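Read off the chains here:
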Amino acid sequence: MNYAISVGYNLNNGQEKGNNSERLTARTAVTLNLRENIRLNLTLNGSTGTNKGFSGVNPLNYALTTSRSIAAFNEDGSYSFYRKNFTYNYNKEAEEAGIGFNVLNELKNTGAEVNSGNLKFNVDFSWKLLDWLTYQFTGGYSYGTTNTKSWQGERSTAVAQTYRGYDYGTVDAEHPWFNAALLQFGGVLFSSAATVKSYNIQNKLLFSKTFNEIHRFNAMLAVEVRSTNNHNDQSIRYGYVKDRGNLNVRPTLPEDFNPVGGGWELNGYGVFENLYDGKGSALSEKTDNFFSLFATLAYSLKNRYVFNFNVRNDVSNRFGQDQNKRFDPTYSLGFSWRMSDEPFMRNQRVLTNTNLKATWGIQGNALTSLSPELILSQKGVMNIYKEYYSTISSIPNPNLSWERTHSWNFGLDLQFFGKVNANIDYYIRRSNAIIEQDISYENGRSSMSINGGIIYNKGLEFTVSFTPVNTKDFGINMSLNSSKNWNSAGKSPLGDERIRSDILVKKGYALGSMWSFAFDGLKHENGRPKFKYVDMPQEEYDGDMTKFLTYSGEKDPYFTGGLNLNIRYRSFTLGTSFSLLLGGHTRLKSPYSDMTNGQYMPVPEANLNSDLLKRWKKPGDEAYTNIPGFIVGNTDRAITLPSGSSYDLLEAYANSDALVVKRSFLRCRGLNLSWRLNNEMAKRMGLNNLTVNMSVNNLFVIASKRFDGYDPELQNSVMPKNYSIGINVGF
């Protein structure tokens, strides 16, 4: 019998104060050799963790979007509150006064906490029936819980502006505003308890036989059953007071409620209405079941030529209404040839290893959120009829099946002089994705899910590793990797072009293609943006939106790669990691985005985009800037598209090629220095090993100046540097 026990602890403090993660893990493994040909492995894994964060306020986002001129404290050291506009429909007088806000007070009186636990048990039983035949049983059970709570206290602005209408402690019971508050006392607690239970059972027969020392057969026949059950119970508590023993205070009773200043009358049960409209309380459960049969067959000749075949059939409770789809297997074929073992390759020393490989196969993907059945969403009672009612969530489609992907893969593994290794892989994939098709609303829905979204993917990946020096005291290792993917949309039942989410998909163009309004400068008289092609006559418009837009390139880069360099000198090791991205395009944030694209003046506390200082201000500025001026009033602020619809001028500018920029960058992802105590000294100290390491992540990034300090991967935020020091001790 062999056994192993391990325990781990991790504490990670986030970049903002109050944001941290703590985790404890443990693992126990036991191996029992019941007989010479029977082995049993038992594994138990457990973990528990706590994550603490924020509720309703994001410190980093607040720091980026709020003016630096706002004071946090008064002269006496108390919090300084500034007034914010807000909406409280039950007290219109309060809206005129505004609501007080201080981010430090908000962080103090709000918060979120997630407690999670997970337990996994696995059994692996192996019985060698014959020298060439083995039975294997694999089973596992997992149970996980996640308890989440998020609170906003009575002293927070979040509660004041949503449930009270006035600042904490500014109104007494005699004031008219007091009875216009949904919550006169207390705050709000959101909580949820989620459990995930799953099991997996596999039975396998493994065959392995060698004939005449050059023919080797391997085969496997297996059956698998797996299931996952998700249960979630979420609720809301009103009048919650955390610092008084987590008690609840009764909200304002409907008969005592009295709106002010022409405010709304209270509806139904007041704040408790949220408990019955799905906003405050919900209970959900979902089970996904799968049954699978799969087999593999492999043949090797002289360990030089290898052929393999795989077949698999899956059945899910999400699909299977169509009798023709009950048995619809996926399969793959593969071949590899170790050329370096051929006689004609043995008399040279350049290519010390050469291996060619190719595979073809079909894979299936079951989207567990979809079903071919009619899905009804059962609701509560409709007041007008005094009866339960249901709505249609999904239209039935008995022909809906799994998404299927045809893949072709070709690879070449090379080794030069026994030191330089290179791997090159090329793949082609054709996927039949599930898409949404518009249908008549008389069916109860405006769209339905169908198969037919054809997507083509082609890609190239390569890795090169090199160890030029490797001695007892000194060593250098380098590795370079890169990948490139090309994709395009094929013919679909919906036509050659369509809008899907925020992406316009057009046949012959990559899925990541960017289409923009063609910016044509600013008008001399008022600084408003001009655009090409939008003056197309409506009678010439055939529904293809790309006729009045311009192609702005692909979002995906043409080169993505990484470089790792490790240098070892005696007990010290220096490691570096770089990433390089070339090509690809993205759209910068419009200078007017914080002003609802210029329709409204910004709030006084906003930290506006400094590019607004470069905007058009007077006739003649159009020669020096491409940033439009303010648009005053609501007249002539839209353009009419060839489709007949209108489009806001500054919204069109925000989606124009004037804000398109290349995504290329070079980033130093990590720098690591480690020191290892030599074995002789460690033994004298009674240790097995001792290692000290120091590292920094995201050391620097070089990108286009147009990002103006923002990270090219995050665009509207920054990626912080992370410093860490660690000590590993083995006994």
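Nothing here was measured: the structure is a model prediction, and the numbers come from that model.

J.: With reference to specific residues and values, describe the overall build of the chain.
T.: Looking only at helices and strands, one finds 6 helices and 35 strands in the chain. By the burial criterion, 35% of the 731 residues in the chain qualify as buried. Within the chain, contacts between residues at least 6 apart in sequence are counted, and of these 66% link residues at least 24 apart. Surface summary for the chain: the accessible area is close to 42,700 Å², and the carbon and sulfur share equals 53%.

J.: Tell me about the packing of aromatic side chains, and please be specific about residues and values.
T.: Applying the stated criterion across every chain, the model contains 24 aromatic pairs. Measuring from ring centre to ring centre gives 5.7 Å for Y331 and W360, while their planes differ by 55 degrees; the resulting arrangement is tilted. Of this pair, Y331 sits in strand β13 (residues 330–338) while W360 sits in strand β14 (residues 351–365), and the two are 29 residues apart along the sequence. Site record: aromatic cluster; members linked through ring pairs are F211, F217, Y299, F307 and F335. The residue whose ring lies beneath K84 is F101, and the NZ or CZ to ring-centre distance is 4.6 Å. The ring of F665 carries the charged tip of R667 above its face, separated from the ring centre by 5.4 Å.

J.: Describe the side chain of E342, and please don't skip the residues or the numbers.
T.: Inspection of the secondary structure puts E342 in the loop between β13 and β14. Since its relative accessible area comes to 7%, E342 is described here as buried. The contact partners of E342, leaving out residues within four places of it in the chain, are R304, Y305 and W337.

J.: Could you give me a rundown of a nonpolar patch on the surface, with the residues and numbers involved?
T.: Where nonpolar side chains cluster on the molecular surface, the patch consists of F474, I567, Y569, F572, L574, L671, L673, M694 and I725 and spans about 790 Å² of accessible area. Those elements giving two or more residues to the nonpolar patch turn out to be β27 (559–569), β28 (572–582) and β33 (665–676). With respect to the helices and strands, the residue I725 is situated in strand β35 (residues 722–730). I725 gets classed as exposed once you look at its relative accessible area, which sits at 69%.

J.: Give me the nonpolar core: which residues, what numbers.
T.: Judged by nonpolar contacts, the single largest core of 27 residues is most densely connected at F517, F531, I639 and Y653. Elements represented by at least two residues in this core include exactly β24 (519–522) and α5 (649–654). Ranked by residue count, the leading element in this core is α5, at 4 residues. In this structure, Y653 is in contact with F519, P529, F531, S590, P591, N626, I627, P628, A658 and L659, ignoring residues within four places of it in sequence. Counting 23 residues, the second largest nonpolar core, distinct from the first, contains F178, L183, I236 and L266.

J.: How would you summarise helix α4 (residues 157–164) if you had to cite specific residues and measurements?
T.: Of all 8 residues that make up α4, 6 are buried, and the element is covered over most of its length. For α4, the complete set of buried residues consists of T157, A158, V159, A160, Y163 and R164. Those residues of α4 that are buried are in contact with β5 (99–101), α3 (103–108), β7 (133–152), β8 (187–211) and β9 (215–241).

J.: Just give me the short version of unusual backbone geometry, but keep the residues and values in it.
T.: With a phi angle near 70 degrees, Y533 is a residue other than glycine that sits in the positive phi range. Owing to a relative accessible area of 42%, Y533 belongs among the partly exposed residues under this scheme. Its identity is not glycine, yet N698 carries a phi of approximately 55 degrees, on the positive side. Relative to the elements of secondary structure, N698 occurs in strand β34 (residues 689–703).

J.: Describe the environment of K555, naming the residues involved and giving the relevant values.
T.: Relative to the helices and strands, K555 is located in the loop between β26 (550–554) and β27. Classification of K555 as partly exposed rests on a relative accessible area of 32%.

J.: Explain the pairing of strand β3 (residues 38–53) to me, using residue names and the numbers behind them.
T.: Relative to β3, strand β2 (residues 20–35) is paired through 15 bridges, and the arrangement is antiparallel. Paired with V30 across the two strands is L42, which belongs to β3. From the end of β2 to the start of β3, which pair antiparallel, there are 2 residues. The sheet contact formed by β3 and strand β6 (residues 110–130) spans 16 bridges and is antiparallel. What sits directly across from G49, in β6, is S116.

J.: Explain the pattern of salt bridges to me, using residue names and the numbers behind them.
T.: Tallied over the full model, the rule gives 16 salt bridges. Two residues, K547 and D542, come together in a salt bridge whose shortest N-O distance is 3.0 Å. What makes D542 exposed here is its relative accessible area of 52%. In this structure, a network of salt bridges that share partners links the residues R667, R669, D711 and E713.

J.: Would you mind going over the confidence of the model for the chain in detail, with residue names and values included?
T.: Overall, the predicted model of the chain reaches an average pLDDT of 86, with 90% of residues at or above 70. Counted against residues more than four places away or in other chains, residues 496–502, with its pLDDT under 50, gives 19 contacts.

J.: Talk me through the environment of Q202; I want residue IDs and the actual numbers.
T.: With respect to the helices, strands and loops of the structure, Q202 is situated in strand β8. Since its relative accessible area comes to 14%, Q202 is described here as buried. The sequence separation of Q202 and Q136 amounts to 66 residues, and the corresponding C-alpha distance is 8.1 Å. Those residues in contact with Q202, other than ones at most four positions away along the chain, are Q136, F137, T138, V223, E224 and F294. A polar side-chain atom of Q202 sits 3.2 Å from a polar atom in the side chain of K204.

Analysis parameters
- Residues numbered from 1 in each chain as written.
- Predicted model: local features only at pLDDT ≥ 70, side-chain atom pairs only at ≥ 80, totals over all residues.
- Heavy atoms only, no water.
- Helix = DSSP H or I, 4+ residues; strand = E, 2+ residues; numbered from the N terminus.
- Buried < 20%, exposed > 50% of the residue type's maximum accessible area, 1.4 Å probe, protein only.
- Contact = heavy atoms within 4.5 Å.
- Areas by Shrake-Rupley, 256 points an atom, 1.4 Å probe, with all protein chains shown as cover.
- Phe/Tyr/Trp six-rings, centres within 6.5 Å; stacked < 30°, edge-to-face > 60°.
- Lys NZ or Arg CZ within 6 Å of the ring centre and 35° of its normal.
- Patch = residues over 30% accessible without salt bridge, like charges linked within 9 Å, V, L, I, M, F, W, Y side chains within 5 Å.
- Salt bridge = Lys/Arg side-chain N within 4 Å of Asp/Glu carboxyl O.
- Core = buried A, V, L, I, M, F, W, Y, C linked by side-chain atoms within 4.5 Å.
- Pairing = 2+ DSSP bridges.
- pLDDT = per-residue confidence, 0-100.
- Polar contact = N/O pair within 3.5 Å; in protein donor to acceptor, adjacent residues only side chain to side chain.

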